[in-house]
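# A closer look at the structure
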Amino acid sequence: MLSELFPFQIAIDTTTLAGTTLWSLALYLGFFPVGEWVADRLMQWFNFAERSLYTSQKEFDRTRRGREAQNAFYASLFSIVPFLLVGGLFEYGVEIGLGRSWAVSVGTIACISGGVYELGRRDGASRE
């Protein structure tokens, strides 16, 4: 399907893609407060930028709930991008250091470790 859309060949290496997404998920789980902070800052910026598009305060207030919900969705979607970039760097480092066959395995271990850490962090926060 992609070969019909583009006049050139796109080579997607599935091992690299899987390793990058696993490392990104592991980093997102391990640094979840950072992800929330990034999403919050993006949402504030989206709301501020969209406010400048309205000249009428009445029209701005009328459509506020829908726009803020849409901006929250976009902010949560775009907050993944830094984790994808850093996950790609981690995957590349593991691939260079340990070899291609270890990239997905170590990413899986990191993902499980990040999930366990996040569960423990939330449990510790709920007990306080």
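Refer to the structure presented above.
What this report covers is the structure whose coordinates are included nearby. Numbers given to residues run from 1 along each chain, matching the order in which its sequence is written. It should be noted that, the model being predicted, local features are given only for residues of pLDDT at least 70 and side-chain atom pairs only at 80 or more, the latter also being counted only at that level, while totals for whole chains, interfaces and linings use all residues. For the side-chain quantities, the full set of heavy atoms in the structure was used; hydrogens and water were omitted.

## So, the overall build of the protein
Numbering of helices and strands starts at the N terminus; helices are DSSP runs of H or I of at least 4 residues and strands are runs of E of at least 2. Helix and strand counts for the protein come out as seven helices and zero strands. Listed N to C, the secondary structure of the protein is α-α-α-α-α-α-α in terms of helices and strands. A compact globule built from 128 residues would reach a C-alpha radius of gyration of about 14 Å, whereas the protein, at 20 Å, exceeds it by more than 25%. Think of it in three bands: residues with accessible area under 20% of the maximum for their type are buried, residues over 50% are exposed, and the middle band is partly exposed, with areas taken using a 1.4 Å probe on protein chains only. Expressed as a percentage of its 128 residues, the buried residues of the protein come to 24%. By the convention used here, residues are in contact when the closest approach between their heavy atoms is within 4.5 Å. Within the protein, counting contacts between residues at least 6 apart in sequence, those at least 24 apart form 79% of the total. Note that accessible areas follow from Shrake-Rupley with a 1.4 Å probe, and for residues the cover is restricted to the protein chains shown. Accessible surface, the protein: about 9200 Å² in total, of which carbon and sulfur atoms supply 67%. By the counting rule applied here, Lys and Arg register as positive and Asp and Glu as negative, while His and the ends of each chain are not counted. Lys charges are placed at NZ, Arg charges at CZ, Asp charges at CG and Glu charges at CD. In the protein, 11 positive and 13 negative side-chain charges are present, and the distance between their average locations comes to 10 Å. Only C-alpha atoms enter the radius of gyration; for comparison, a globular chain is expected to reach 2.2 Å times N to the power 0.38, where N is the number of residues.

## Overview of helix H3 (residues 32–51)
Every helix has an expected span of 1.5 Å times one less than the residues it contains. For H3, with 20 residues, the first-to-last C-alpha span of 29 Å sits near the 28 Å given by 1.5 Å per residue. Looking at the packing, one finds that the buried side of H3 touches helix H2 (14–30), helix H5 (64–78), helix H6 (81–98) and helix H7 (102–127).

## Some remarks on the pattern of salt bridges
Criterion for a salt bridge: a side-chain nitrogen of Lys or Arg within 4 Å of a carboxyl oxygen of Asp or Glu. Across all of its chains, the model carries six salt bridges by this definition. Put simply, Arg121 and Glu118 hold a salt bridge, and the shortest N to O gap is 2.7 Å. Of this pair, Arg121 and Glu118 are both found in helix H7, three residues apart, which corresponds to roughly one turn of the helix. When its relative accessible area of 29% is taken as the criterion, Arg121 is described as partly exposed.

## Side note on the nonpolar core
Across soluble globular proteins, nonpolar side chains show a tendency to be buried alongside one another. Only buried residues count toward a nonpolar core, which is a set of Ala, Val, Leu, Ile, Met, Phe, Trp, Tyr and Cys residues joined through side-chain atoms within 4.5 Å. Membership of the largest hydrophobic core is limited to five residues, which are Trp23, Ala26, Val94, Ala110 and Cys111. Those elements that provide at least two residues to this core are H2 and H7.

## Points about the side chain of Ser79
Here Ser79 is to be found in the loop between H5 and H6. A distance of 2.9 Å separates a polar side-chain atom of Ser79 from the backbone oxygen of Ser76. Look past the residues within four positions of Ser79 in its chain and what remains in contact with it is Gly35, Val38, Ala39 and Leu42. In the analysis that follows, any N or O atom pair within 3.5 Å is treated as a polar contact, provided that within protein one partner can donate a hydrogen and the other can accept it, and provided that, for residues neighboring in sequence, both atoms belong to side chains.

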